[in-house]
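Coordinates in review
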Amino acid sequence: MKVLVTGGAGYIGSQTCKALAAAGHTPIVFDNLSGGHRWAVRWGPLEEGDVGDLARLASVMATHRPDAVIHFAALISVGESVARPEPYYRVNVGGAVNVLEAMRAAGVSRFVFSSTATVHGSPPALPITEDMPYAPMSPYSRSKAMVEQILADSAGASDIASVALRYFNACGADPDGELGEAHHPETHLIPLLLDAIHDGESLILNGEDYDTPDGTCVRDYIHVADLARAHVLALERLQPGFRAYNLGTGEGYSVRQIVDAARKVTGRDLPVKIGPRRPGDPPAQWADPSRAAAELGFRAEASSLESILSSAWAWATKPPAYAVT
């Protein structure tokens, strides 16, 4: 298939383009390069554009005539969304609507959506299943939940078949060393703590008074290479209607456990300081990944903490020479 990948120059999008190409598909990246990188587009053409520009989307679809769309393009900072919610609804919700309208006009009927487990907020029980109610705790999470609801409505009103992939914590770097996290500013725990170790600085923990065993947030960490593979499986096994899948390992680790594992992998110390909670963060989340296993044939294979941290440390200490910002 020819696959239009919005946000394909970003962290997960670029890794998915690599996985698509390895599976015999042709990724066409559509990205405004505000958060992604030109150097990360290596497995297909780059079309520069913004998902807010419906005419540009329509033009690119008319030129390339894709068979499917994988939609990553979005704003992703939970804390920023609390402080400045309006852009998150404009870009995340409005952009997705534009993509769907352009697809309908071009006759494209296959859509894979980059969603988040945080649509469930602080869940009533753990592990999180796909059938738990929406309870988002931030504008970022609400914007993703809104798009999922739009997809369900679109599936009933048209022939667009769609799937939402609800990520838990994406992390790690490309096992081949070609891709890795390069956000500016960085907000994700693992690159922040590895950068702190590399620079000999301390790490600020966002709260230690959560209702968890050691007071820090508990999350399910999944390697970006596993996430990329899941997108290919979801695309190839897409069925009519709308369906959501958890993408996680089924195991939760606290922030302090991640810090201890990073010390072990790097062989270096990491002093920590306690800061305030980050707005919009639920105390604990980990997945029930059984639906993705049963229906997509997906299981996380590269997501041990050692694999995640070793690959991320290799990227943090020596990214490829072309990976300039």
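Described in the following lines is the structure provided in the data block. Everything numeric here is computed off the predicted structure, so don't read it as measured data.

Procedures and definitions
- Residues numbered from 1 in each chain as written.
- Predicted model: local features only at pLDDT ≥ 70, side-chain atom pairs only at ≥ 80, totals over all residues.
- Heavy atoms only, no water.
- Helix = DSSP H or I, 4+ residues; strand = E, 2+ residues; numbered from the N terminus.
- Rg over C-alpha atoms; globule rule 2.2 N^0.38 Å.
- Buried < 20%, exposed > 50% of the residue type's maximum accessible area, 1.4 Å probe, protein only.
- Contact = heavy atoms within 4.5 Å.
- Lys, Arg positive; Asp, Glu negative; His and termini not counted.
- Salt bridge = Lys/Arg side-chain N within 4 Å of Asp/Glu carboxyl O.
- Polar contact = N/O pair within 3.5 Å; in protein donor to acceptor, adjacent residues only side chain to side chain.
- Pairing = 2+ DSSP bridges.
- Axes fitted to C-alpha atoms, helices over the stretch in contact; angles between N-to-C directions.
- Phe/Tyr/Trp six-rings, centres within 6.5 Å; stacked < 30°, edge-to-face > 60°.
- Parallel < 35°, antiparallel > 145°, perpendicular 65-115°, else oblique.
- Left-handed = near helix turned anticlockwise from the far one by under 90°.
- Nonpolar A, V, L, I, M, F, W, Y, C, P; charged D, E, K, R; others polar.

Tallying secondary structure elements over the chain gives 10 helices and 13 strands in all. Compactness check: the chain gives a C-alpha radius of gyration of 19 Å against a globular reference of 20 Å for 325 residues, within 12% of the reference. Within the chain, the fraction of its 325 residues that count as buried is 53%. Here the contacts in the chain between residues at least 6 apart in sequence split such that 79% fall between residues at least 24 apart.

Here Glu-186 shows up in the loop between strand S7 (169–171) and helix H6 (189–199). Buried and without a salt bridge, Glu-186 has Arg-278 as its closest oppositely charged side chain, separated by 8.5 Å. For Glu-186, the side chain forms a polar contact with the side chain of His-183, separated by 3.2 Å. Of note is the side chain of Glu-186, whose polar atom sits 3.0 Å from the backbone nitrogen of His-188. The residues touching Glu-186, leaving out its near neighbours within four places in the chain, are Glu-181, Pro-191 and Leu-192.

So, about the pattern of salt bridges. Under the defined criterion, the tally for this structure stands at 18 salt bridges. The salt bridge partner of Glu-208 is Arg-256, with a shortest N-O separation of 3.0 Å. Taken as a pair, Glu-208 in the loop between strand S8 (203–206) and strand S9 (218–219) and Arg-256 in helix H8 (residues 255–266) lie far apart in primary sequence, 48 residues in all. Overall, the relative accessible area of 41% leaves Glu-208 in the partly exposed class.

So, about the sheet that holds strand S1 (residues 2–6). Within a sheet, neighbouring strands are paired by backbone hydrogen bonds and run either parallel or antiparallel to one another. With respect to topology, seven strands assemble into an open sheet ordered S3-S2-S1-S4-S5-S6-S11, the strand pairing being parallel. Among the strands making up the open sheet, the edge pair consists of strand S3 (46–48) and strand S11 (242–247). Sheet twist, expressed as the mean angle between neighbouring strand axes with direction ignored, is 20 degrees. Here strand S6 (residues 161–167) runs beside S11; their pairing, made up of six bridges, is parallel. The partner of Arg-166 across the bridge, within S11, is Asn-246. The strands touched by helix H7 (residues 224–236) within the sheet are S1, strand S4 (68–71), strand S5 (110–116), S6 and S11, with S6 carrying the most contacts at an inclination of about 160 degrees.

As for its placement among the helices and strands, Ser-310 is situated in helix H10 (residues 305–317). The sequence separation of Ser-310 and Thr-266 amounts to 44 residues, and the corresponding C-alpha distance is 7.9 Å. Within the local environment of Ser-310, its side chain forms a polar contact with the backbone oxygen of Glu-306, the two atoms lying 2.7 Å apart.

The subject of this paragraph is unusual backbone geometry. At the junction of Leu-126 and Pro-127, the peptide bond is cis and its omega measures out at 0 degrees in the coordinates. For Pro-127, the location among the structural elements is in the loop between S5 and helix H5 (139–157). A cis amide bond, omega -5 degrees, links His-184 with the succeeding residue Pro-185. Following the sequence through the fold, Pro-185 ends up in the loop between S7 and H6. In the Ramachandran plot, Leu-33 falls in the positive-phi region, its phi being about 60 degrees despite a non-glycine side chain. Structurally, Leu-33 is set in the loop between strand S2 (26–31) and S3.

Turning our eyes to something else, we now look at the packing of aromatic side chains. Scanning the entire structure with this criterion turns up three aromatic pairs. Each ring, one from Trp-39 and one from Trp-315, has its centre 5.9 Å from the other, and the planes form 35 degrees; the classification is tilted. In this pair, Trp-39 is assigned in the loop between S2 and S3 and Trp-315 in helix H10, connecting sequence segments 276 residues apart. For the pair formed by Trp-39 and Trp-315, the shared burial category is buried. Ring centres of Trp-39 and Tyr-322 lie 6.2 Å apart, and the angle between their planes is 50 degrees; on these two criteria the pair is classed as tilted. Of the two residues, Trp-39 sits in the loop between S2 and S3 while Tyr-322 sits in the segment after H10, which places them 283 residues apart along the sequence.

To continue, consider H6. Every buried residue of H6 is listed here: Ile-190, Pro-191, Leu-193, Leu-194, Ala-196 and Ile-197. Taken together, the buried residues of H6 touch S7, S8, strand S10 (221–223), H8 and H10. Just beyond H6, the residue with positive phi is Gly-200, at close to 70 degrees.

A few words now on the packing of helix H1 (residues 11–22) against H7. Contact geometry for H1 and H7: axes closest at 8 Å, N-to-C directions at 60 degrees. By the criterion of interaxial angle, the relationship of H1 to H7 is oblique. Regarding H1 and H7, the two cross each other, and that crossing is right-handed. Residues Tyr-11, Ile-12, Gln-15, Thr-16, Ala-19 and Leu-20 of H1 lie in contact with H7, whose contacting residues are Val-224, Ala-225, Leu-227, Ala-228, Arg-229, His-231, Val-232 and Leu-235. Looking at the contact of H1 with H7, its residues break down into 10 nonpolar, three polar and one charged.

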